[in-house]
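# Structural characterization, general
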Amino acid sequence: MKKMLCLLLIASTVSQIFPQISSIIPVSSSIAGTSVANTGLRSEFQNPAMLGYAKNSEIGMQHENRYALSELSTNSFQALLSTNAINADLSFSYFGYSLYHEMMTGLGFGRNFSDKFALGVRFNYYMAYFSASNSYRGALFPQIGLSYRFSSLFSLGFSTFNPFQTNIKTDFTQKRIPSIFSLGTEYYFSPELVWLAQIDREISSNYRLATGFEYQMLQQVSLKLGVYDAGYLVPCGGCGLKWNRFLLDINCELHPLLGLNSYAGLRYIFSR
Amino acid sequence: MKRIVVLCCLLFLLINAAYAQDASTTIDQTIADIFEQWSAESEEVPDYQTFYEELEFLAENPINLNHTSREELSKMLFLSDVQVENILAYLYQYGPMENIYELQLIDGLDMTDIRRMLPFVMVKKEKAVSEKIYRYDVLNYGKNELYMMFNRDAETRQGYQASVSSIGDSTNQGKKYVGSPWYHSAKYRFHFKDRILAGMTFEKDAGESFFGSAHKGYDSYSGYLQINRLGIFKTIVLGDFRANFGQGLVMKSDFSMGKSSYVLNVVSRNEGLKKFSSTDEYNFFRGGGATIRLPRNWETSVFYSNKMIDADTVGGVFSSIYKTGYHRTENELNKKHTICQQVAGGNISWRLLWLQTGITFVHTNFDQALVPEKTTYNRFYFSGKAQNTAGWNYRVHWQKLNLFGEAAVTGNFHPALLSGFTLSPLSLVNLVAVYRYYSPEYDTFYALALSETSRTNNESGLYLGAEINPAKKWKISAYADSYRFPWPKYGIDAPSAGKDYLFQTDFSAHRRLSMFWRFRHSNKPANISQENSVMPVVKAVKKNSLRYQLMYSQGNFSFRTAAEGNMVQKGENADYTYGLTAYQDLTYEFSSLPLKLDFRYQFFDAVAYENRLYAYEKDVLYAFSIPMYYGIGSRYYLNLKYELNRQFTLWFKIAQTVYADDREEISSGNEKILGNKITDVKFLLRFNF
C-alpha cells in the first residue's frame, strides 16, 4: 500500500511537471523530442507525415524508463510498411502497472509528394483501465501531420495529436487524452550536422520549447545534444549506433528535480 | 465520433489523391487574400459581400489597360494611388501595351501586385464601343444567378430554450427568440455585361421568425436596378443603393480605406452611386439616383432616399439608431421600422487629367427627433430632426506627387478636414502622409474617413506610411499614426492621445512560396478601473503583436502556416498579459473532380480579453470570417466547394471551437450555450442560368 501511494504521488508529480508529455505517447528518438520536422528518424506515435519519407519497411521497439521506476515505464512497438503508393505503420504503446494502465494502438498512413511535402494521418485507439469500475474504456481519435521541404536543407513540420480534444468519460471520472499542437523546423548545416527546433503545446498545459543538434560523427555513430524547457530547463543527450540493418538509439535527459529519464530504441530496416 | 471518422476519412482520401499538379489560383482565393490583408489589422470586418461582388464583377468584365482611366483602375482596391498613376504614366509615355507581360516594366508593381491584377485586367488594342441596349440581347445574353444560404449552430442557445420564469410573465417574453435557429438568405442577381445590373435579396437571421406571428415571410427584403452608360446618364440606380463622394467626410456608405497592411491605401476611392446588394440591414439608401455627364468634363450626381429605420422611440423622440438588423425578440421587434429617414444629396465634380475637384451636399431628415441620452462623451453628438452637411474635395496630380483632401462643415458650421499627399521619389519608394482634423462637434451620419475609431469626429492625427522594395522579392511596408481625441470618447473619460505603428516585411521567394512578418505596436488610451479610485482613470494600453505567416503551394495542394503572439500592458506599472495562436491550413483541389477542400487546425491561448486574437478563415462564398479568440482552446473546420455541374455549385462548411479552460458556458444572455463547444454549419447553393 505504501508503495502504491508513493507511486501515485510520483506519477501525479510527473504529470504536473510534464503535463504536455503524456506517458502513453512514447518519447521520440529525436533529441529533446524534436521529431515533428525530423525527416531522418521515425518514432512511434510521432508526426505521421514522416512515414512518407521512409524508403524501406522497418520494425522497431523501444523502452522508456522514467526516473528508475519500472511502474512509470512505457514500452512501444512499430511496424512500418513502405510501398510505392503509400507508407503505413502499425504502432502500439503500453504504460502503467496492474492497477492502472493505458494502451494505445495506431494505424497510420503517410505519403511523400514529389519530395516537396508529405502528409500523414494516424487513427489511434486509446484505452485505459479503471480499477474502480474494473473495466476498460476507450476512444478513437486521429493524429494529423504535415511536413514541407522548402529545399534539401530546410524543412518545416506540423503535427496535431487528438485535435478534436476527445476524452473518456466514466460514471465516476473523466480521463483527458492529451491534445497537442506541434510545430518545428529542421535545418542541415552540412550533411553531417542537423539542427532541430520545436514548439509543442498541449492544450491545457504550458508550452514546451525544444532544440537540439544531431551530428553524424562516423557512418556508424551519431551524437545528439539538446535541451528543452517546460517549466524546468532539461538538458538532453544521446547517441545513435548503426550496425548493418540495425539502428540503436539511446537518449537520456536529466530533470533537475526528478532525475534521469532514459530511452532506448532498436530498429531493423528491411531491404527494398 | 462519427464526425471524427468522416473528417479523417476525407483526409485519408486526400492523401491518396493524385500527385501534385500546378493549380491556378482561383479568383475567389485572390479576392479573399486581398481582403484578408486589407482587413487583417482591423477589429471591425468591413462588408465582404460588397467587396467580393465588386471584384468578382471586375473579373467578369476585366479592364482593358489600353483604354482605361484612373477611375476604372481605382476599382482594384489593392493598388495604391501611386501604382495607378504609374500605370497611367506608362501608357501615356509608351503608348498601348502589346501584351500583359509589360506590367513588369511599370515602376512600383511587384510580382505580388501583378499576380493579383491579372484576373481583373486585359490588353486589347481596340476600344470597346458603348452599344445600344436591345431587349433581345438583355433577355438572351444576360446572366442570372440564384443563391440560397443556410446556416446554424449545432448547439442550442439559451434564447431558443423555453424559460420557466417566462411562463405567465409577459415582461419576460421579450427576452426569448421568436424564430428558429436557422439563418437563411436568398439572393437573385442579374447582369447584362456591365450595363444593366439587377437583384433581390431576402434574409432571415437566426432567431427571427419566418411565416410566424412576427413576420409573414422574410425579415428583410432588398432590391436594386442599376443601368450604366445610358445616353447622358453615366449611372442610374433605383431601389437600394450606396453613395460615395470625396474622401468620405460627407458621404461614404461603402467600406472605408482605413489603416491596414496596404499602408498606402488610405485614400478614399470608388466614387459615385452604385447598387446595394449586401445583407446589411442599415447601411444603404432606398430610393433612386443618377449621375449625369455634362459638357466640359463636368459631372453631377443626385439622389433621394426614403426608408424606415430601427430605433427605440419614447415620447416622440429616439435616443439612438438600432443598426444590427436583428429582430429576434419582442424587444427587438418593437424597435423595427419605427423612424422614417429621408436623405437627399448630390455632388458636382470637374475632372481633368491632372485635377479633380467637387462639391458634395447631403440633407438628412427624421420624422421624429434624435435626442441622445446626454453623457460626457456624447455631449456634441447630433441632436434634432434634420441635418445638413457639405464638403469640397480635390485631387491634384503633378509629376510624382498626388495631393488630395476634403474639407467639410455641418449645418452648424463645425468643420472637418482631411488632407494629404502620396509621393514616389524613387521607383522603389512610395510615401504617403495624411493629416486629419475632425472637430468634436462634427457629427454627421454618413462620414467614413480615415480614423482611429469607427466614428469620424472628435479626432486629429497625422498618418505617415511608406512602402519600399529594397531588393527583388522583398517588400517593406510601414506606417506610423499619431492621433489625439480633444474631447472624451466612449470608454475614454478624458481628452487623450495615442499612437499606432505597423512594420511588415514580405518575402516572395517564388510563385509558390511567400511569407511575411508583421509587427504592430499600439498605445491606446482607455478607462482603467482601479481599487483606490472611484472614477476610472484613463491610461495608455500598450499592445505589441507579432505575426509570421507562410504560404506554400505545390501542385494541387496549398498550405498556410501562421503564428501570432501579443503582449498587453494596461497602465504603466501593470504586468504584461500574453496571447498566442497558431494554425495550419491545408487546401486541396482535385484534378479529376470539381471539388475543393480546405482544412484548418488552430489553437489559441489568450486568457485576457485584451489579448484577444483574430485569424481569417476560409468560408463559403460571400461569407468572410475573422473570428475572435480569447480563452484557451482549439478550432478546426472543413470547408468544401463542389461544382455539381455548370449550373449548380455547392459550398459547405463545418467548424467547431472547443475550449479547454474548463468553462461550462459560452457567451451570455440569449446567446449563451451550455458546454465548452460551439459548432457552426453553413450551406450555400448557387444556380447559374
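Residues numbered from 1 in each chain as written. Chains lettered and ligands numbered in written order. Predicted model: local features only at pLDDT ≥ 70, side-chain atom pairs only at ≥ 80, totals over all residues. Heavy atoms only, no water.

Here the focus is the overall build of chain B. Assigned secondary structure in chain B consists of nine helices and 34 strands. Relative to the compact-globule value of 26 Å for 689 residues, chain B shows a C-alpha radius of gyration of 26 Å, a close match. A principal-axis box enclosing the C-alpha atoms of chain B has dimensions of 75 × 70 × 65 Å. Burial statistics for chain B: of 689 residues in total, 55% are counted as buried. Within chain B, residue pairs in contact and separated by at least 24 positions form 61% of the contacts whose partners lie at least 6 positions apart. (Helix = DSSP H or I, 4+ residues; strand = E, 2+ residues; numbered from the N terminus. Rg over C-alpha atoms; globule rule 2.2 N^0.38 Å. Buried < 20%, exposed > 50% of the residue type's maximum accessible area, 1.4 Å probe, protein only. Contact = heavy atoms within 4.5 Å.)

All right, on to the confidence of the model for chain B then. Residues and elements named next belong to chain B. Summary statistics for chain B give a mean pLDDT of 86 and a share of 92% for residues scoring 70 or more. Overall, residues 1-25 carries pLDDT values under 50, and its contacts beyond four positions in sequence, including any with other chains, amount to 56 contacts. The model gives residues 166-174 a pLDDT under 50, and that stretch makes eight contacts with residues more than four places away or in other chains. (pLDDT = per-residue confidence, 0-100.)

Position of R600 of chain B among the secondary structure elements: in strand β27 (residues 595-606). Those residues in contact with R600 of chain B that lie beyond four places of it in its chain are Y583, Q584, D585, A615, Y616, E617, R635, Y636 and Y637 of chain B.

Further remarks concern the interface of chain B and chain A. Each partner contributes to the interface: chain B provides 38 residues, whereas chain A provides 34 residues. Both faces considered, chain B and chain A share a buried interface measuring about 3,300 Å² in area, 75% of it formed by carbon and sulfur atoms. Scanning the region where chain B abuts chain A turns up one salt bridge. Residues R201 of chain A and D605 of chain B are paired through a salt bridge, measuring 2.4 Å at the closest nitrogen-oxygen approach. At the level of elements, α1 (2-16), β24 (537-554), β25 (557-570), β26 (576-589), β27, β30 (631-643) and β31 (648-659) of chain B are the ones that each hand at least two residues to the side of chain B that touches chain A. Of the residues forming the side of chain B that touches chain A, the biggest block, 10 residues, is contributed by α1 of chain B. For the side of chain B that touches chain A, the class distribution of residues is 29 nonpolar, six polar and three charged. (Buried area = accessible area lost by both parts, 1.4 Å probe. Salt bridge = Lys/Arg side-chain N within 4 Å of Asp/Glu carboxyl O. Nonpolar A, V, L, I, M, F, W, Y, C, P; charged D, E, K, R; others polar.)

Residue and element names in this part refer to chain A. Per the counting criterion, the structure on display carries zero disulfides over all chains. In this model C252 remains outside any disulfide bridge; the closest cysteine sulfur is found in C236, 8.1 Å from its own. Accessibility expressed as a relative area gives 35% for C252, which makes it partly exposed. (Disulfide = S-S within 2.5 Å.)

We now examine the confidence of the model for chain A. All names here are of chain A. Predicted confidence across chain A gives a mean pLDDT of 86, with 92% of residues reaching 70 or more. The weakest mean pLDDT in chain A belongs to helix α1 (residues 2-17) at 46; the strongest belongs to strand β13 (residues 221-229) at 95. Contacts of residues 5-21 to residues separated by more than four positions or lying in other chains number 29 contacts, the stretch itself having pLDDT below 50.

Bringing the pattern of salt bridges into the picture now. Residues and elements named next belong to chain B. This structure, assessed with the given rule, holds 50 salt bridges over all chains. Between R395 and D81 there is a salt bridge; the shortest N-O distance is 2.8 Å. Residue R395 is located in strand β16 (residues 384-398), and its partner D81 is located in helix α5 (residues 81-94); the two are separated by 314 residues in the primary sequence. The buried category is assigned to R395, whose relative accessible area is 11%. Take D81: its relative accessible area is 5%, and that puts it in the buried class. In the salt-bridge network here, residues are joined through shared partners; they are K259, R436, E452, E459, D481, D500, R520 and K524.

Residue and element names in this part refer to chain B. Here helix α3 (residues 48-60) is 13 residues long and its end C-alpha atoms lie 18 Å apart, about the 18 Å a rise of 1.5 Å per residue gives. Within α3, 11 of the 13 residues are buried, leaving the element largely enclosed by the surrounding structure. For α3, every residue scored as buried is listed here: Y48, Q49, T50, F51, Y52, E53, E54, L55, E56, L58 and A59. Contact partners of the buried residues in α3: α2 (27-39), β1 (63-64), β4 (183-192), β7 (233-245), β9 (272-275) and β34 (677-688). (Expected span 1.5 Å × (residues − 1).)

With that settled, consider α2 of chain B. Between its first and last C-alpha, α2 of chain B extends 18 Å over 13 residues, near the 18 Å set by a 1.5 Å rise per residue. Taking burial as the measure, the 13 residues of α2 of chain B include 10 buried ones, the bulk of the element.

So, on to the pairing of β16 of chain B. All names here are of chain B. One ladder, built from 12 bridges, connects strand β15 (residues 355-370) with β16; its direction is antiparallel. The residue bridging V362 from the neighbouring strand is T389, located in β16. Hairpin connection, β16 to strand β17 (residues 401-410): the antiparallel pair is bridged by two residues, and Q399 has positive phi, about 50°. (Pairing = 2+ DSSP bridges.)

Further remarks concern the packing of aromatic side chains. Geometrically, a pair of aromatic rings is defined through the distance of the ring centres and the angle of the planes. The tally for this structure, following the rule as stated, stands at 63 aromatic pairs over all chains. For the cation-ring pair, R149 of chain A lies above Y53 of chain A, with the distance from its terminal atom to the ring centre recorded as 4.5 Å. Across from the ring centre of Y583 of chain B, 3.7 Å away, lies the NZ or CZ of R600 of chain B, which sits over that ring. (Phe/Tyr/Trp six-rings, centres within 6.5 Å; stacked < 30°, edge-to-face > 60°. Lys NZ or Arg CZ within 6 Å of the ring centre and 35° of its normal.)

As a further point, take a nonpolar patch on the surface. Where nonpolar side chains cluster on the molecular surface, the patch consists of I59, M61, F77, F92, W243, F246, L266 and F270 of chain A and spans about 760 Å² of accessible area. On the accessibility criterion, W243 of chain A (61% relative accessible area) is exposed. (Patch = residues over 30% accessible without salt bridge, like charges linked within 9 Å, V, L, I, M, F, W, Y side chains within 5 Å. Areas by Shrake-Rupley, 256 points an atom, 1.4 Å probe, with all protein chains shown as cover.)

This part is about the side chain of S222 of chain A. Here S222 of chain A is to be found in strand β13. Setting aside residues no more than four positions away along its own chain, S222 of chain A makes contact with Y215, Q216, M217, G238, C239 and G240 of chain A.

Before going further, it helps to examine the packing of α2 of chain B against α3 of chain B. All names here are of chain B. Their axes nearest at 10 Å, the elements α2 and α3 cross at an angle of 135°. It follows from the interaxial angle that α2 and α3 lie oblique. Crossing handedness for the pair α2 and α3: right-handed. Each of I27, D28, I31, A32, I34, F35 and W38 in α2 lies in contact with α3, whose residues at this interface are Y48, F51, Y52, L55, E56 and A59. Split by residue class, the contact of α2 with α3 holds 11 nonpolar, no polar and two charged. (Axes fitted to C-alpha atoms, helices over the stretch in contact; angles between N-to-C directions. Parallel < 35°, antiparallel > 145°, perpendicular 65-115°, else oblique. Left-handed = near helix turned anticlockwise from the far one by under 90°.)

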